[in-house]
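So you can see what is in the structure, the chains are spelled out below.
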Amino acid sequence: IDLQSLMTKGFLNSISCGEELTLQFGICGREQGSEMRWFDTGLHGVVFHPGNAYELNGKIYMDAPVYKNPKALLEDLTTARNGKTSGGTVANPFVFEIDLAAGTVKSTQVSDLGAELPRIDDRLVGYHNRYGYAVIGEPAHGPECASRIGKYNTFGDSMIFSRHVEGEYVNEPIFVPRELD
């Protein structure tokens, strides 16, 4: 993202991608002045909306949908204003395990479904979470149709879905606990 261009030309005119680039995460310590360390996933992709991240036993775990074809995504974003997209651009949910000591990243795709705008119970942000909720796009209802909410499992078990009602669409889910603490 070209920040200077973002200020004057808007979002879509400020982003670009190189097909040779891979998805990387920059991580720095919590101490003031900590150096940024870069971890390469080896994946070609883009993340817009992470679900959650937490540290456990010297590793950082993060779940996020990944657009595996950034060039197609940019083309779809550009033409979507005209109501036309290729229909092939989806973000698949991934879990990343970043091993700080080894300097490695393990990337695991947890579903083949298109998912975006992941959320968890806000009380768990920064802590271990097994489940998250995301908007699920289903090609059977239109290529960019946000037709249901999916409850995904970061261990990769199958998703649980809200029901689909023809002509109704969903947006970013917000978790509401049964009882307030």
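See the structure printed just above.
The rules behind these values
Residues numbered from 1 in each chain as written. Predicted model: local features only at pLDDT ≥ 70, side-chain atom pairs only at ≥ 80, totals over all residues. Heavy atoms only, no water. Pairing = 2+ DSSP bridges. Helix = DSSP H or I, 4+ residues; strand = E, 2+ residues; numbered from the N terminus. Axes fitted to C-alpha atoms, helices over the stretch in contact; angles between N-to-C directions. Polar contact = N/O pair within 3.5 Å; in protein donor to acceptor, adjacent residues only side chain to side chain. Contact = heavy atoms within 4.5 Å. Buried < 20%, exposed > 50% of the residue type's maximum accessible area, 1.4 Å probe, protein only.

Colleague: Kindly report on the sheet that holds strand β3 (residues 52-56), identifying the contributing residues and their values.
Modeller: Spatially, four strands are ordered β3-β4-β5-β6 in an open sheet, and the strand pairing comes out antiparallel. Of all the strands in the sheet, just β3 and β6 (104-109) have a single pairing partner and so form its edges. With strand direction ignored, the average angle separating the axes of adjacent strands in the sheet is 25°.

Colleague: Give a description of the side chain of Asn-52 that names residues and reports values.
Modeller: Mapping Asn-52 onto the fold places it in strand β3. Among the polar contacts listed, one links the side chain of Asn-52 to the backbone nitrogen of Gly-126, at a separation of 2.9 Å. In terms of polar contacts, Asn-52 uses its side chain to reach the side chain of Asn-129, at 2.8 Å. Those residues in contact with Asn-52, other than ones at most four positions away along the chain, are Tyr-61, Met-62, Asp-63, Ile-120, Leu-124, Val-125, Gly-126, Tyr-127 and Asn-129.

Colleague: Mind laying out the environment of Leu-43, listing which residues take part and the relevant values?
Modeller: Secondary-structure assignment places Leu-43 in the loop between β2 (36-40) and β3. In contact with Leu-43, not counting residues within four places along its chain, are Thr-22, Leu-23, Phe-94, Phe-96 and Ser-107.

Colleague: So what's going on with the pairing of strand β9 (residues 146-153)? Residues and values would help.
Modeller: By the criterion of burial, β9 is predominantly enclosed, with seven of the eight residues buried. Two strands pair when backbone bridges link them, and strand β8 (residues 131-137) and β9 are joined in this way by seven bridges, in the antiparallel orientation. Looking across to β9, one finds that Ile-136 is bridged to Arg-148. Pairing of β9 with strand β10 (residues 160-161), which is carried by two bridges, proceeds in the antiparallel orientation.

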